[in-house]
Structures are given as C-alpha cells and as structure tokens.
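Descriptive structure summary
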Amino acid sequence: MAFIHGPVPESFERRVTATPREFERDLRQAWPAVEGSAAAARFSLRDGTQELVIDIEAAGVRRLGLFELPQLDVRYRFAPGDEAMRRALLARLDRAMQKGGG
C-alpha cells in the first residue's frame, strides 16, 4: 500500500498492471456505486463528503520474456478535504483491488 509513511496527497499517479476492462471490473467489485467506465477512461466515486476522480490511460505492455503484462497509468484526484478521509478511502480501495503475486 502506498503512502504508509506520509500523507495521501490530493492527486497522484500510479502505474498498474491491468487492461482498462480489468481495472473497471476490479474497481466495481471494490466500489459498486462507482460512476464512469473504461470506455470513457474516467471513474468517480464518493465516500461521505470525500470525492475521488480516477482517470486511466493505456501505457503499453511490459514484457518479461514471453510474458506480457498490460500497463495502465492511473491518476487519482481527490476533491479538497481531510487527509484522514483520503487515506481511509484509498486504503479501502487498495485492499479490495489487491491482487496476488510477489
């Protein structure tokens, strides 16, 4: 999980291993009330008064020998608010979207 030793900023970017459709599927499992779609490349959600907009953009494929891993650049933008609320929302999403592996 990111931001263990520091505050969660109002905006940041991550690179994740997923296709846009996989990201949408996992996000909807984590947060069923999410609005938006992979086709639109934008999602939004709310937890109480805290809002979050997530933009995704394909970032090519990472190759490890014959193994190909699709990559996405994911931009998180929280509405201004309380850092503790950002941290709680992000922790909930991260836990729900965590995948196995090493």
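Above this note sits the structure.
Residues numbered from 1 in each chain as written. Predicted model: local features only at pLDDT ≥ 70, side-chain atom pairs only at ≥ 80, totals over all residues. Heavy atoms only, no water.

Here's the deal with the pairing of strand S3 (residues 42-47)
Two elements, strand S2 (residues 35-37) and S3, share three bridges in a ladder whose sense is antiparallel. When the bridges of S3 are listed, Ser37 appears paired with Arg42. Hairpin connection between S2 and S3: a loop of four residues separates the two successive antiparallel strands, and Ala41 in this loop has a positive phi of roughly 60°. What sits between S3 and strand S4 (residues 50-64) in their antiparallel hairpin is a turn of two residues, with Gly48 showing a positive phi close to 65°. (Pairing = 2+ DSSP bridges. Helix = DSSP H or I, 4+ residues; strand = E, 2+ residues; numbered from the N terminus.)

Considerations on the sheet that holds strand S1 (residues 11-17)
Strand order in the open sheet formed by five strands is S1-S5-S4-S3-S2, and the pairing between neighbours is antiparallel. At either margin of the open sheet sits one strand with a lone partner, and together these are S1 and S2. Between one strand axis and the next, the sheet turns by 25° as a mean value, whatever way the strands run. Its contacts with the sheet place helix H1 (residues 20-30) against S1, S2, S3, S4 and strand S5 (67-78), and it is angled at close to 55° to S5. Contacts between helix H2 (residues 83-97) and the sheet are confined to S1, S3, S4 and S5, with S4 contributing the most and set at about 45° to the helix. (Axes fitted to C-alpha atoms, helices over the stretch in contact; angles between N-to-C directions. Contact = heavy atoms within 4.5 Å.)

Points about the environment of Gln98
Tracing the sequence through the fold places Gln98 in the segment after H2. Note: C-alpha distance between Gln98 and Ala30 (68 residues apart in sequence) is 9.7 Å.

A look at the packing of aromatic side chains
Enumeration over the complete set of coordinates arrives at three aromatic pairs. Between Phe12 and Tyr76, the aromatic rings sit 4.8 Å apart at their centres with planes inclined by 10°, giving stacked as the arrangement. One end of the pair, Phe12, is in strand S1; the other, Tyr76, is in strand S5, with 64 residues separating them in the sequence. Taken together, the ring pairs connect Phe12, Tyr76 and Phe78 into an aromatic cluster. Positioned above the aromatic ring of Tyr76, the side-chain terminus of Arg14 is 5.4 Å from the ring centre. Lying over the aromatic face of Trp31, Arg92 brings its terminal NZ or CZ to 3.9 Å of the ring centre. (Phe/Tyr/Trp six-rings, centres within 6.5 Å; stacked < 30°, edge-to-face > 60°. Lys NZ or Arg CZ within 6 Å of the ring centre and 35° of its normal.)

A word on the pattern of salt bridges
Going through the model one piece at a time under the given rule, you end up with eleven salt bridges. Ionic pairing is found between Asp73 and Arg15, a salt bridge with its closest N-O pair at 2.8 Å. On the criterion of sequence distance, the pair formed by Asp73 in strand S5 and Arg15 in strand S1 is long-range, its members being 58 residues apart. With a relative accessible area of 13%, Asp73 lands in the buried category. One salt-bridge network, in which partners are shared between bridges, spans Glu13, Glu57 and Arg75. (Salt bridge = Lys/Arg side-chain N within 4 Å of Asp/Glu carboxyl O. Buried < 20%, exposed > 50% of the residue type's maximum accessible area, 1.4 Å probe, protein only.)

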